[in-house]
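Chain and residue survey
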Amino acid sequence: MQLVESGGGLVQPGGSLRLSCAASGRADYKRVMGWFRQVPGKEREFVSTIAWAGTIKYYADSVKGRFAISRDNSKNTVDLQMNNLNPEDTAVYYCANGCINYGGGRWECEYWGQGTQVTVSS
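An account of the accompanying structure is given in this report.

**With respect to the overall build of the protein chain**
Within the protein chain, the regular secondary structure consists of zero helices and 13 strands. In the protein chain, the succession of helices and strands from N to C terminus is β-β-β-β-β-β-β-β-β-β-β-β-β. For a compact globule of 122 residues, the expected C-alpha radius of gyration is about 14 Å, and the protein chain comes in at 13 Å, within 12% of that figure. A principal-axis box enclosing the C-alpha atoms of the protein chain has dimensions of 40 × 30 × 30 Å. Buried positions account for 39% of the 122 residues belonging to the protein chain. In the protein chain, once contacts between residues fewer than 6 apart in sequence are set aside, the share between residues at least 24 apart is 55%. Of the charged side chains in the protein chain, 13 are positive and 11 negative, and the gap between their average positions amounts to 5 Å.

**What about the state of the cysteines?**
Scanning the entire structure with this criterion turns up two disulfides. Note that Cys99 is cross-linked by a disulfide to Cys109, the S-S spacing being 2.2 Å. Note on the Cys99 and Cys109 pair: the S-S dihedral is about 105°, so by sign convention the disulfide is right-handed. Taken as a pair, Cys99 in the loop between strand E9 (91–97) and strand E10 (100–101) and Cys109 in the loop between strand E11 (107–108) and strand E12 (111–112) lie far apart in primary sequence, 10 residues in all. Per residue, the accessibility class of Cys99 equals that of Cys109, and both read buried. Each bonded cysteine of the protein chain is numbered by sequence order, and under that numbering the disulfide pairs are 1-2, 3-4.

**Structural notes on the sheet that holds strand E8 (residues 77–82)**
The strand order across the open sheet formed by four strands is E1-E3-E8-E7, and the pairing between neighbours is antiparallel. A single partner strand is all that each edge strand has here, and the edge strands are strand E1 (2–6) and strand E7 (67–72). Adjacent strand axes in the sheet meet at a mean angle of 15°, parallel and antiparallel pairs treated alike. Of the strand pairs in this sheet, E7 and E8 are connected by six bridges, and their pairing is antiparallel. By the bridge assignment for E8, Ala68 is matched with Gln81.

What counts, and at which threshold
- Residues numbered from 1 in each chain as written.
- Predicted model: local features only at pLDDT ≥ 70, side-chain atom pairs only at ≥ 80, totals over all residues.
- Heavy atoms only, no water.
- Helix = DSSP H or I, 4+ residues; strand = E, 2+ residues; numbered from the N terminus.
- Rg over C-alpha atoms; globule rule 2.2 N^0.38 Å.
- Buried < 20%, exposed > 50% of the residue type's maximum accessible area, 1.4 Å probe, protein only.
- Contact = heavy atoms within 4.5 Å.
- Lys, Arg positive; Asp, Glu negative; His and termini not counted.
- Charge placed at Lys NZ, Arg CZ, Asp CG, Glu CD.
- Disulfide = S-S within 2.5 Å.
- Pairing = 2+ DSSP bridges.
- Axes fitted to C-alpha atoms, helices over the stretch in contact; angles between N-to-C directions.

What follows is the structure, given as structure tokens:
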């Protein structure tokens, strides 16, 4: 499976961005997909995940109420709408597929995209 992210860029604090991830290739698409992010010198962290049916969604506390995840299974895409962005949201954002929750905030995913840079700065 290949995952390609798009939609990153530079935005001012308080602004919005919408990230999109397109999946292709031979794989089981009926799996949990999600978004993670990483800043230099830190471990990659969980942002949000969504189940195949789209009815079960999880968010990191730091993004609750500001970010919204969605997926279109007819197009094999998953989006992340990010609102009210702040400089602490600056990171490389990665799309992932085949994610499993091991508890304690720990997720492991089978497939990863290359990432897209999001920079929040005035």
